[in-house]
Amino acid sequence: MSITVPSTTPATPSPLTPSPLTPGRQALDSALFQLDQAADQLGLDDGLRTMLATPRRSLTVAVPVRREDGRMDVVQGFRVQHNITRGPAKGGIRFHPSTDLHEVTALAMWMTWKCALVGIPYGGAKGGVAVDPASLTPRELERVTRRYVNEILPIIGPEKDIPAPDVGTDEQTMAWIMDTYSVNAGYSVPGVVTGKPMTLGGSLGRAGATSRGVQISALRALPGSPEGRTVAVQGFGKVGAPAARYLADAGCRVVAVSDVTGAVVNLSGLDVDDLRAWVEETGGVYGYRHADALSHADLLELDVDILVPAALEGVITEENAPRIRARLIVEGANGPTTPGADRILADAGTTVVPDILANAGGVIVSYLEWVQNTQAYSWSAGEVEVKLRDLMEQSYDAVAALSAERGITLRQAAHVIGVGRVAEAHRLRGLYP
């Protein structure tokens, strides 16, 4: 049975309702396709397939914001809890103008499989507000955050749903969320979010955890020594920039990076620290004095050993996949490769370390932060690093072993493991009533 969307439109729009092929809809189609492939491998029955494809809860809210000039704008906010069978929901909150319910649903679904794959006791969730944070003053951004949290307050909490930073949000956003929730509770509740500032219960090692996971995955998948291997990073932001630094530390040569302002290349190797200082000073990589300009499309098609897509979904497609020359792709972003592109890359012999494995470092250390909060205890940076590395390497080895055993791609193997663990949890718990 293939997982399909309903053929009729319900009175209330659903994340599974057909709609124009927006980026969010494309992401959801990719997520459903990947679930379908895993369900075939696992031999799941029709009812269980449908249950795994359907979010447990989907909430859409209106978020009014009072602007500094006195105007009032209203933006949409979302929170989707895809599955809570293995534990409380977990997932980031993004502030981005193109965020919609379809995108948030896809991201929540991927988070479910990701948590199950790396063996942490969470289900998947995701949230977002359809707003450009760069268009808001700091006071407006705080108002949007607090009002959004107030609207989703009934469904979040340290034992229900634990948000974290994502695109357009950071540890300050998490501090506002924690405070808003705590004020309503009447006492401090640090465990309601992860990715917080250290002084509010954050964990050592959380800030670069996703990027560290990308590095660990890349080195695990890379045959031979990393010394001198060339790297291109698409998305030199909160995941891509530290990932470039970590890969350079391991001996790789970072030759090209991009962000929203442009792309730059230096085949002799970029000084990652100097480039990060340039971005801090100017706001983007464009015009960096020690590199040549490059188009965004050309960066993806460079002849490099490792390509790290670390921005948004759907950047590697059927159209550009035949021109991708990287031998190894390590997905720092969620859903950067479409199913059609996956088939082309597999036929070309390109290894793709999938998002639900490669970028799992963030949720692993978020879990460690939550554990520390619930125990009112903290670990050293070294202890967090060891736990992160152990879980990432064990997960990669399990995926690689299943891939070799069944003759399937790493993405298919990762989904078989993740989906399989959630399906088994459903079987063991049964259906109430």
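Small disclaimer: the values here were computed from a predicted structure and weren't measured.

Student: What exactly am I supposed to notice about the sheet that holds strand S7 (residues 253-259) here?
Tutor: The strands that make up a sheet pair up through hydrogen bonds in the backbone, lying either parallel or antiparallel. A sheet is described by the order of its strands in space; here seven strands give the open sequence S9-S8-S7-S6-S10-S11-S12, paired in mixed fashion. Among the strands making up the open sheet, the edge pair consists of strand S9 (292-294) and strand S12 (351-353). On average, each strand axis in the sheet is inclined to that of its neighbour by 20 degrees, with strand direction left out of account. Packed on one face of the sheet, helix H6 (residues 209-221) meets strand S10 (306-309), strand S11 (328-330) and S12 and runs near 160 degrees to S11.

Student: What exactly am I supposed to notice about the packing of H6 against helix H7 (residues 240-249) here?
Tutor: A pair of packed helices is captured by two measures, namely the crossing angle of their axes and the spacing between those axes. Interhelical geometry of H6 versus H7 gives an angle of 40 degrees and a closest axis separation of 8 Å. If you check the angle between H6 and H7, you find them oblique. The element H6 and its partner H7 pack so that their crossing is right-handed. In this structure, H6 uses Ser 211, Arg 212, Val 214, Gln 215 and Ala 218 to contact H7, whose residues at the interface are Pro 242, Ala 243, Tyr 246 and Leu 247. Considering only residue class, the contact of H6 with H7 consists of six nonpolar, two polar and one charged.

Student: Would you explain the sheet that holds strand S2 (residues 72-83) in this entry?
Tutor: Read across the sheet, five strands follow the order S1-S2-S4-S3-S5 without closing on themselves; strand pairing throughout is mixed. The sheet is open, and its two borders are formed by strand S1 (57-66) and strand S5 (161-165), each paired with just one other strand. Going across the sheet, the axis of each strand differs from the next one's by a mean of 20 degrees, ignoring polarity. By the bridge criterion, 10 bridges tie S1 to S2 in an arrangement that is antiparallel. Across the sheet, residue Ser 58 finds its bridge partner in S2, namely Val 80.

Student: Even after reading the chapter, I still don't get the packing of aromatic side chains, so can you show me in this structure?
Tutor: Within a pair of aromatic rings, the relevant descriptors are the distance that separates the centres and the angle that separates the planes. Within this structure, the stated rule accounts for four aromatic pairs. Centre to centre, the rings of Tyr 122 and Tyr 367 are 5.7 Å apart; their planes meet at 90 degrees, and the pair counts as edge-to-face. Note that Tyr 122 is positioned in the loop between helix H3 (101-117) and strand S4 (123-129) and Tyr 367 in helix H12 (residues 361-375), a separation of 245 residues in sequence. The exposure classification of Tyr 122 matches that of Tyr 367, with both residues buried. Among the aromatic residues, those joined into a ring-pair cluster are Tyr 122, Tyr 367 and Trp 370. Directly above the ring of Tyr 246 sits Arg 212, whose terminal nitrogen or CZ lies 3.9 Å from the centroid. It is Lys 387 that lies over the ring of Trp 379; its NZ or CZ is 4.6 Å from the centre.

Student: Looking at this structure, I do not really get a positive patch on the surface. What am I missing?
Tutor: There is a patch of like positive charges on the surface, built from Arg 56, Arg 57, Lys 160 and Arg 429. Relative to the assigned elements, Arg 56 resides in the loop between helix H2 (46-53) and S1. Its relative accessible area of 52% is what places Arg 56 among the exposed residues.

Cut-offs applied
- Along each chain, residues carry numbers from 1 onward, in the same order as the chain's sequence is written.
- A pLDDT threshold of at least 70 governs which residues receive local features in this predicted model, and a stricter bar of 80 or more applies before side-chain atom pairs are shown or counted, although totals over entire chains, interfaces and linings include all residues.
- With hydrogens and water excluded, all non-hydrogen atoms of the structure serve as input to the side-chain values.
- By definition, two strands form a pair when at least two bridges between them are found by DSSP.
- Helix and strand assignments follow DSSP, with helices taken as H or I runs no shorter than four residues and strands as E runs no shorter than two, numbered in order from the N terminus.
- Axis definition: a line fit to C-alpha positions, over the contact stretch in the case of helices; interaxial angles, taken between N-to-C directions, run 0 to 180 degrees.
- Should any heavy atoms of two residues lie within 4.5 Å, those residues are considered in contact.
- Angles below 35 degrees are treated as roughly parallel, those above 145 as roughly antiparallel, those between 65 and 115 as roughly perpendicular, and all remaining angles as oblique.
- Crossing handedness: left-handed means the near helix sits turned counterclockwise from the far one by under a right angle, and right-handed means the same turn made clockwise.
- Charged residues are taken to be Asp, Glu, Lys and Arg, nonpolar residues to be Ala, Val, Leu, Ile, Met, Phe, Trp, Tyr, Cys and Pro, and polar residues to be all remaining types, Gly included.
- Centres within 6.5 Å are what make two rings of Phe, Tyr or Trp a pair, Trp counting through its six-membered ring; a difference in plane orientation under 30 degrees is then read as stacked, over 60 as edge-to-face, and the rest as tilted.
- Residue exposure (1.4 Å probe, protein chains only): buried if accessible area is under 20% of the type maximum, exposed if over 50%, otherwise partly exposed.
- A positively charged side chain is recorded as over a ring if its NZ (Lys) or CZ (Arg) lies within 6 Å of the ring centre. The angle to the ring normal must also be within 35 degrees.
- Like-charged residues within 9 Å of one another, or nonpolar side chains (Val, Leu, Ile, Met, Phe, Trp, Tyr) within 5 Å, are grouped into patches, provided each residue has over 30% relative accessible area and no salt bridge.
- Accessibility throughout is a Shrake-Rupley quantity obtained with a 1.4 Å probe, and a residue counts as covered only by protein chains that appear here.
- When a carboxyl oxygen of Asp or Glu is within 4 Å of a side-chain nitrogen of Lys or Arg, the pair counts as a salt bridge.
- In summary, the charge assignment counts Lys and Arg as positive and Asp and Glu as negative, without counting His or the chain termini.
- To locate a charge, take NZ of a lysine, CZ of an arginine, CG of an aspartate or CD of a glutamate.

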